[in-house]
Amino acid sequence: MASLLNSVPSIKLSNFSNNNPLRSSQISSPFCLSFSRRRLVVRATETDKEVKAQAPDKAPAAGGSSINQILGIKGAKQETDKWKIRVQLTKPVTWPPLVWGVVCGAAASGNFHWTPEDVAKSIVCMLMSGPFLTGYTQTINDWYDREIDAINEPYRPIPSGAISGQEVINQIWVLLLGGLGLAGILDVWAGHDFPTIFYLALGGSLLSYIYSAPPLKLKQNGWIGNFALGASYISLPWWAGQALFGTLTPDIIVLTLLYSVAGLGIAIVNDFKSIEGDRAMRLQSLPVAFGSEAAKWICVGAIDITQISVAGYLLGAGKPYYALALLGLIAPQVFFQFKYFLKDPVKYDVKYQASAQPFLILGLLVTALATSH
């Protein structure tokens, strides 16, 4: 395990002010990367750029929801309790797809049994994928989005100064190392000769970093960034669950990467509320690059065509009942797309995702069960 950790990128973080990072005259700048033959070294540098949060046109809704705050979604109550703010940064509302991905991977392995040991393994894998590594992803994304949030949502925890920069960095490290530690434990528990789950967790963590952080900052490109996000939410937890109880096969890897195109569509849903900030920061999200109207259709097309293609694959593989079940789950998603998302993707984004996404994730399970037989 020690030798594995020696191969992890060395990350040195310094000069983070304990004050609000957006009100400090010097803040940590985007990380700069230098490559050597032995390892990747990431050092923080300094910049004189000053970022000031602009006052919102209007304050958040009075008496915001405590539930929204703890879930990390808009309409949140303004909190001063640091632990509630820490949970908010991890966006628990984003954990269920990862947890469900582990369930799908375990189901696809064909080797999961309802024994106390297998249930315990799956719970630890869910904790790794959800609260730890997804929490790490969401926190680091908020950290590098603090300038955009200062424009779009200046009352969020980081741009508002409700939590200091150093506290955010500490949280990032705790969640990252905790997730990697759980991955190593799962490899030992599963009796792996090769630490498959650890390397999946390490690769996913690196992907999360380069998604949010300069100079690569994959999210600057709507196509690459959203596909990377979709793969992180669909493929990686599935692979972890399947590797924990069985063996990953090339056909499963290809199938889940195809499903990640649907994840690309889901990721676009969240881009509409950030158009103003993305445009100001020159991020080429799809709504910025193509306009809201075209981006809406790209979004629903990616979600629907991907699932229809997977249904076709299942039909061709001689599994017509699974294919029909998947098609049946696509129909209500299309209904809610027209009812909510295509009408107003900003106003109805939460309603749309709450209504349509349960059918998408049930479709994932149908596909997993189909591949296990």
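Quick notes on the rules
Just so you know, the residues in each chain are numbered from 1, in the order the chain's sequence is written. pLDDT decides what is reported in this predicted model: residues at 70 or higher carry local features, side-chain atom pairs at 80 or more are listed and counted, and totals for whole chains, interfaces and linings draw on all residues regardless. Side-chain metrics rest on all non-hydrogen atoms present in the structure, leaving aside hydrogens and water. UniProt positions are given in the numbering used here, feature names are shortened, and annotations may be inferred rather than shown by experiment. Each aromatic pair joins two rings of Phe, Tyr and Trp (for Trp, the six-membered one) with centres within 6.5 Å, and gets the label stacked for planes under 30 degrees apart, edge-to-face for over 60, and tilted for any other angle. A run of H or I in DSSP becomes a helix once it reaches four residues, and a run of E becomes a strand once it reaches two; helices and strands are each numbered from the N terminus. To sit over a ring, a charge needs its Lys NZ or Arg CZ within 6 Å of the ring centre and within 35 degrees of the ring normal. For our purposes a nonpolar core is just a set of buried Ala, Val, Leu, Ile, Met, Phe, Trp, Tyr and Cys residues, chained together by side-chain atoms within 4.5 Å. Relative accessibility thresholds used throughout: buried, under 20% of the residue-type maximum; exposed, over 50%; partly exposed, between the two (1.4 Å probe, protein chains only). Where each domain begins and ends is defined by an automated method or by a domain database. Every residue pair with non-hydrogen atoms within 4.5 Å of one another is taken to be in contact. Angles here are taken between N-to-C directions and fall from 0 to 180 degrees, while the axes themselves are lines fitted to C-alpha atoms, restricted in helices to the stretch in contact. Relative orientations are named as follows: roughly parallel for angles under 35 degrees, roughly antiparallel for angles over 145 degrees, roughly perpendicular for angles from 65 to 115 degrees, and oblique for any other angle. Note: crossing handedness is left-handed where the near helix turns anticlockwise from the far helix by less than a right angle, and right-handed where it turns clockwise. When residues are grouped by polarity, Ala, Val, Leu, Ile, Met, Phe, Trp, Tyr, Cys and Pro land in nonpolar, Asp, Glu, Lys and Arg in charged, and all others, Gly among them, in polar. Every helix has an expected span of 1.5 Å times one less than the residues it contains.

Per an unreviewed UniProt entry, the chain carries the name Chlorophyll synthase, chloroplastic and comes from Nicotiana tabacum. The record held by UniProt for the chain lists under Subcellular location (unreviewed entry) the comment "Plastid, Chloroplast membrane". Under the heading Sequence similarities (unreviewed entry), UniProt records this for the chain: "Belongs to the UbiA prenyltransferase family. Chlorophyll synthase subfamily."

A. Region of the structure containing the packing of aromatic side chains. Taken as a whole and judged by the stated rule, the model has 13 aromatic pairs. The interplanar angle of 80 degrees and the centroid separation of 5.7 Å between the aromatic rings of F198 and Y199 together place this pair among those described as edge-to-face. Aromatic side chains W297 and F338 sit 6.2 Å apart centroid to centroid with 70 degrees between the ring planes, which places their arrangement in the edge-to-face category. Highlighted residues: W297 in helix α14 (residues 292–316) and F338 in helix α15 (residues 320–341), separated in sequence by 41 residues. Following the ring pairs from residue to residue traces out a cluster consisting of F335, F336, Y340, Y348 and F359. Just above the ring of W83 sits the side chain of R86; from NZ or CZ to the centre is 5.7 Å. Sitting over the face of the ring of W143, R146 holds its NZ or CZ atom 4.0 Å from the ring centroid.

B. Quick look at the nonpolar core. Of all hydrophobic cores here, the largest spans 83 residues; its most connected members are M128, W238, F341 and Y352. At eleven residues, the largest contribution of residues to this core is made by helix α10 (residues 222–245). In terms of domain composition, this core takes at least three residues from each of domain 1 (67–247) and domain 2 (249–372). In contact with W238, not counting residues within four places along its chain, are G101, V102, C104, G105, A108, I252, T256, L364, T367, A368 and T371.

C. View of the packing of α15 against helix α16 (residues 349–371). Packing of α15 against α16 brings their axes to within 9 Å, and their N-to-C directions diverge by 165 degrees. Looking at the two axes, α15 sits roughly antiparallel to α16. Read as a crossing pair, α15 and α16 show a hand that is left-handed. Residue-level contacts link Y322, A325, L326, L329, P332, Q333, F336, Q337, Y340 and F341 of α15 to K351, Y352, S355, A356, F359, L360, L362, G363, V366, T367, L369 and A370 of α16. Taken together, the residues of the contact of α15 with α16 break down into 16 nonpolar, five polar and one charged.

D. Fine view of α15. For α15, which comprises 22 residues, the first-to-last C-alpha distance of 30 Å matches the rise-based estimate of 32 Å (1.5 Å per residue) to within 8%. Of all the residues in α15, the buried ones are A323, L326, L329, I330, P332, Q333, F336, Q337, Y340 and F341. Buried residues belonging to α15 abut α11 (250–269), α14 and α16.

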